[in-house]
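Here are the chains, one letter per residue:
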Amino acid sequence: MIIKRKKDIESFVHMFDKLASWDGTKYYLNFVDEINKGIITIMKYVDGSMTIYRSYELFWDIKEHSLEEKQIWNYRKYINNWLKKNEYEIE
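Values in this document were obtained by computation on a predicted structure and should not be read as measured data.

Draft legend 1. Spotlight on the overall build of the protein. On a plain count of helices and strands, the protein comes out with three helices and five strands. Dimensions of the protein along its principal axes, counting C-alpha atoms only, are 35 × 30 × 20 Å. For the protein, the share of sequence-separated contacts (at least 6 apart) that also reach a separation of at least 24 residues comes to 36%. Carbon and sulfur atoms provide 49% of the accessible area of the protein, an area that totals close to 6200 Å². Distance between charge centroids for the protein: 5 Å, based on 15 positive and 15 negative side chains.

Encoded structure:
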């Protein structure tokens, strides 16, 4: 399944811990942004808060930025590509 509707974002956030890697502090997923030639990292902390970090060829974020569920919709193209590539299903 891919993110087709805004309701699918809730499922993605709910399953994030199962899809993501754990670094001892947070869960994280890296997505390739081929248009801007870079990597987008979405992170979820134990308290449930989410952040985003973008690292592109020509610019990168100085720090992680807070990410609300509704903002994930803007990154669905990259998330969907990752889900398809890794053959993950969102329940």
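Draft legend 2. Quick look at the sheet that holds strand β3 (residues 38–45). With antiparallel pairing, the five strands of this open sheet are ordered in space as β1-β2-β3-β4-β5. The sheet is open, and its two edges are formed by β1 (21–22) and β5 (65–66), each paired on a single side. In this structure, β1 lies alongside strand β2 (residues 26–33), joined through two bridges in antiparallel fashion. The residue of β2 that forms the bridge with W22 is Y27.

Draft legend 3. A look at the nonpolar core. Counting 23 residues, the largest nonpolar core has F12, L29, F31, I40, I42, I72 and I79 as its most contacted members. Contributions of two or more residues to this core are made by α1 (6–19), β2, β3, β4 (50–56) and α3 (76–86). The greatest single-element share of this core, amounting to six residues, is contributed by α1. The residues touching L29, leaving out its near neighbours within four places in the chain, are F12, F16, L19, A20, I40, T41, I42 and W82.

Draft legend 4. Structural detail: the environment of V46. Its place among the elements puts V46 in the loop between β3 and β4. A residue is classified by how much of its surface remains accessible, and V46, at 68% relative accessible area, is exposed. Between the C-alpha atom of V46 and that of K26, which follows or precedes it by 20 residues, the distance is 6.4 Å.

Draft legend 5. Summary view of α1. Helix length check: α1, at 14 residues, gives a terminal C-alpha distance of 19 Å against a target of 20 Å (1.5 Å per residue), a fit within 8%. Along its length, α1 reaches its greatest deviation from straightness, about 35 degrees, at V13. Among the residues of α1, D8, I9, F12, V13, M15, F16 and L19 are the ones counted as buried. Buried residues in α1 make contact with β1, β2, β3, β4, α2 (69–72) and α3.

Cut-offs used in this document
- Residues numbered from 1 in each chain as written.
- Predicted model: local features only at pLDDT ≥ 70, side-chain atom pairs only at ≥ 80, totals over all residues.
- Heavy atoms only, no water.
- Helix = DSSP H or I, 4+ residues; strand = E, 2+ residues; numbered from the N terminus.
- Contact = heavy atoms within 4.5 Å.
- Areas by Shrake-Rupley, 256 points an atom, 1.4 Å probe, with all protein chains shown as cover.
- Lys, Arg positive; Asp, Glu negative; His and termini not counted.
- Charge placed at Lys NZ, Arg CZ, Asp CG, Glu CD.
- Pairing = 2+ DSSP bridges.
- Core = buried A, V, L, I, M, F, W, Y, C linked by side-chain atoms within 4.5 Å.
- Buried < 20%, exposed > 50% of the residue type's maximum accessible area, 1.4 Å probe, protein only.
- Expected span 1.5 Å × (residues − 1).
- Bend = angle between axes of the 7 residues up to and from the residue.

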